[in-house]
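If you want the building blocks of each chain, they are given just below.
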Amino acid sequence: MSALGELRRLGASRAGQAHQRDNKAAFLFLLPWFAGLLLITAGPVAASFVLGFTDYNLLQPPEFNGLENIQRMLTDERLHHSLAVTFTYVLISVPLQLAAALGLAMLLDRGLRGLAFYRSAFYLPSLLGSSVAIAVLWRQIFGAEGLFNQLLGLFGVSARGWISDPDTALSTLIVLNVWTFGAPMVIFLAGLRQIPVMYYEAASVDGAGRWTQFRKITLPLLSPIIFFNLVLQIIHAFQSFTQAFVVSGGTGGPSDSTMFYTLYLYQRGFHNFDMGYASALAWLLLIIIAAFTAVNFWAAKRWVFYDD
Amino acid sequence: MTDLRDRIVPIDTTDDPPPPRRPVPAMITSLAKHAGLIALAVVMLYPVIWMVASSLRPDDQIFRSPGLVLDSLETRNYGEGWSALASPFGHYLLNSAIVVLGCIIGNLVSCSMAAYAFARLEFSGKKVWFGLMLGTIMLPIHVIIVPQYIIFSNLGWVNTFLPLIVPKLLATDAFFVFLMVQFIRGLPRELDEAARIDGAGHPRIFLQVILPLMLPALATTTIFTFIWTWNDFFSQLIYLTDPGMYTVPVALRSFVDATVSTSWGSMFAMSVVSLLPIFLAFLIGQRYLVKGIATTGIK
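Residues numbered from 1 in each chain as written. Chains lettered and ligands numbered in written order. Predicted model: local features only at pLDDT ≥ 70, side-chain atom pairs only at ≥ 80, totals over all residues. Heavy atoms only, no water.

Looking at an unreviewed UniProt entry, chain B carries the name Carbohydrate ABC transporter permease, with the source organism given as Actinoplanes sandaracinus. Under Sequence similarities (unreviewed entry), UniProt gives the following word-for-word description of chain B: "Belongs to the binding-protein-dependent transport system permease family." (UniProt positions renumbered as here; feature names shortened; annotations may be inferred.)

As recorded by an unreviewed UniProt entry, chain A carries the name Sugar ABC transporter permease and is attributed to Actinoplanes sandaracinus. Looking at chain A in UniProt, the text filed under Sequence similarities (unreviewed entry) is "Belongs to the binding-protein-dependent transport system permease family." Under Subcellular location (unreviewed entry), UniProt gives the following word-for-word description of chain A: "Cell membrane".

Engineer: I tried to follow the interface of chain A and chain B on my own but got confused; where do I start?
Structural biologist: A common way to express how large an interface is: the accessible area buried when the components associate. Each side of the interface is counted separately: chain A has 106 residues, and chain B has 109 residues. Taken together, the two surfaces of chain A and chain B that pack against each other cover about 9,500 Å², and 76% of this comes from carbon and sulfur. For the pair chain A and chain B, the number of links is 0 salt bridges. The tally of links between chain A and chain B comes to 8 residue pairs in polar contact (both at pLDDT 80 or more). Classifying every residue of the side of chain A that touches chain B gives 69 nonpolar, 25 polar and 12 charged. (Contact = heavy atoms within 4.5 Å. Buried area = accessible area lost by both parts, 1.4 Å probe. Salt bridge = Lys/Arg side-chain N within 4 Å of Asp/Glu carboxyl O. Polar contact = N/O pair within 3.5 Å; in protein donor to acceptor, adjacent residues only side chain to side chain. Nonpolar A, V, L, I, M, F, W, Y, C, P; charged D, E, K, R; others polar.)

Engineer: Could you clarify how one ought to interpret the UniProt feature "transmembrane region" (unreviewed entry) in chain B in this entry?
Structural biologist: Residues and elements named next belong to chain B. UniProt's entry tags residues 31–53, 92–116, 128–152, 164–184, 205–230 and 264–284 with the feature "transmembrane region" (unreviewed entry), counted in the numbering of this structure. This span, residues 31–53, is 100% helix and 0% strand, and a straight line between its end C-alpha atoms measures 30 Å. A helix fraction of 81% and a strand fraction of 0% characterise residues 164–184, whose end C-alpha atoms lie 27 Å from each other. (Helix = DSSP H or I, 4+ residues; strand = E, 2+ residues; numbered from the N terminus.)

Engineer: Would you explain helix α4 (residues 77–107) of chain A in this entry?
Structural biologist: Every α-helix winds through 3.6 residues per turn, so residues three or four apart in the chain are directed the same way. An ideal rise of 1.5 Å per residue puts 45 Å on 31 residues; α4(A) measures up with 45 Å between its terminal C-alpha atoms. Between a side-chain oxygen at the N-terminus of α4(A) and the backbone nitrogen of A:R78 the separation is 3.2 Å; the capping residue is A:D76. (Expected span 1.5 Å × (residues − 1).)

Engineer: I tried to follow the environment of A:A46 on my own but got confused; where do I start?
Structural biologist: All names here are of chain A. Positionally, A46 belongs in helix α2 (residues 23–51). Given a relative accessible area of 45%, A46 falls into the partly exposed group. Here the alpha-carbon distance between A46 and W283, two residues 237 residues apart in the chain, equals 9.7 Å. (Buried < 20%, exposed > 50% of the residue type's maximum accessible area, 1.4 Å probe, protein only.)

Engineer: In this structure, what is going on with the domain arrangement of chain B? I would like to understand it.
Structural biologist: Residues and elements named next belong to chain B. Split into domains, chain B comes out as domain 1 (4–54) and domain 2 (82–298). Taken together, the contacts link 4 residues of domain 1 with 4 residues of domain 2. Summed over both partners, the interface of domain 1 with domain 2 buries about 370 Å², with 93% contributed by carbon and sulfur atoms. Of all residues in domain 1, M51, V52 and S54 give up the largest surface area on contact with domain 2, accounting jointly for 84% of the area buried on that side. Taken together, the links from domain 1 to domain 2 amount to 0 salt bridges. Remark: the boundary between domain 1 and domain 2 carries 0 residue pairs in polar contact (both at pLDDT 80 or more). (Domains from an automatic or database assignment.)

Engineer: What is the right way to read the pattern of salt bridges from this model?
Structural biologist: Note on pairing: side chains with opposite charge can pair once their charged atoms come close. The tally for this structure, following the rule as stated, stands at 8 salt bridges over all chains. Salt-bridge contacts for A:R160 lead to A:D165; the nearest nitrogen and oxygen are separated by 3.0 Å. B:D173 is the salt-bridge partner of B:K168, the closest N and O atoms lying 3.2 Å from each other.

Engineer: Even after reading the chapter, I still don't get the packing of helix α10 (residues 197–205) of chain A against helix α11 (residues 210–238) of chain A, so can you show me in this structure?
Structural biologist: Packed helices, taken two at a time, are described by their axes: the angle between them and the distance between them. All names here are of chain A. Between α10 and α11, the shortest axis-to-axis distance is 10 Å and the interhelical angle comes to 160°. Taken together, the axes of α10 and α11 are roughly antiparallel relative to one another. In this structure, α10 meets α11 at a crossing whose hand is right-handed. Between α10 and α11, the residues in contact are Y199, Y200, A203 and S204 and Q213, I217, T218 and L221, respectively. For the contact of α10 with α11, the per-class residue count stands at 5 nonpolar, 3 polar and no charged. (Axes fitted to C-alpha atoms, helices over the stretch in contact; angles between N-to-C directions. Parallel < 35°, antiparallel > 145°, perpendicular 65-115°, else oblique. Left-handed = near helix turned anticlockwise from the far one by under 90°.)

Engineer: Teacher, can you tell me more about the nonpolar core here?
Structural biologist: Nonpolar side chains tend toward joint burial in soluble globular proteins. In this structure, A:W33, A:L108, A:F122, A:I134, A:M185, B:F118 and B:V177 are the most contacted members of the largest nonpolar core, which totals 191 residues. A domain split of this core shows at least three residues from each of domain 1 (4–54) and domain 2 (82–298) of chain B. A:I134 has contacts with A:L128, A:G129, A:L176, A:W179, B:V48 and B:L275, leaving out every residue within four places of it along the chain. (Core = buried A, V, L, I, M, F, W, Y, C linked by side-chain atoms within 4.5 Å.)

As structure tokens, then:
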């Protein structure tokens, strides 16, 4: 059951039977991966923890400054604002996106004519959605003279600058994320296909209606996949960057209304070369994502049903 | 929605009329459902199709034409967009192609090796390493980018493609390692055993038995790496600051800043050009894409 299920099983299983070991061969096959772990992933994670307690601008060597970065975080109002923006974005766009994905997957389930066509049409946006080109397009569509206003104009609704208005700028990015519901939808579709048809047949014979079948069969059996999508899409949404960057011209504006956490981190680190503070920010992001994931796993005990 | 008992019979995608025995109300709901789905598909794809249409319009018409009908076919935007930046747009396409190719080769080689070890070999601490590998799937790049940048800038690699390609040579796209592990686990072990009895060592089993059998997983990896690398903006923005080294996303973004709403036509034209490879990859590799996300999500 997916990478998450795999982790769950790892934790649950006891030490296995003694196999013949191939330590040497394994080391050689894993050599690139070990190097990557040390230099590219785990190593830098540890390094950024240390850098988080320094003042570092790339030119002078890092200078240890104790808890200064953390104190700064506590009083950094732009940071607090960007956290609020990011949480709003994640907590609104992910549920909407998954609801759309699940709803469409249910509609497209078994034996629908033209399934392949619909699946492709709904899936394509999730491949395009993270590109700069689509962000450029979004900037036009929701601009003051953009496509959206032109279409609204056909219905007599007066135009407004959706992206230039701090009250609506974030909503355009939420729409963009919901637009990419195709990827989780394909995962739901594959999950639905694994539910044996006879469960529904049996329920139908017992007189269960469609809603009861959805609640008593589909939801429980699909819950591990809902969980998988939820965890993944939350992590994914926390990392959104490109769209806010391009739509706001790199500023996170108007009035910081699209200042995603990652964008703020980028500005501190790669505009101001405030690498110490950026490292501390990076760790805070890691902690936030880990906390969200942990809460998800904890809550999963109450609603996720494992068949195995 | 049709009745469940009807849905058990798989209906293929031919255009034949529905079976005549179907009750009329079911047919009507089915029609309504298709109408709704088609409407939604149109709404979803409309912006992209409209962008293609607008790229073929004179600039002053883009902001006045919400429709798709073209009065004339204006290809000037493409010519203007192509040469709007310091280098012709082909230069950025080539840069992107180099990065993409390097990343594909890196992922194919390094991830398949790591996957073979995790799927077929027994070694000390395997569970811990495997758990770590799974954990890195969920590791945001933003957490490692600062120290990584420091390392690469000390190596003098900023404004080269190395910071984008070398990590892939080191199997850091753990998603693909996991995908391949899943695939190899599905291959019968008897094949390895037979090769071993014939005297083959692990390198030969890997190269001559496992690799040829895991072509579908390699295809999935290739196509996802292509799309993700082509679209990747964050790391390319950070590592490529010299306009001569710009890849397509970074060039496109500098285009946005440079033109400040003057020439949407040529900007749309180059946006369309930049999306074309993704669209082609989607058409060619659809089967692998759908399978890829389905299996990593399910199995």
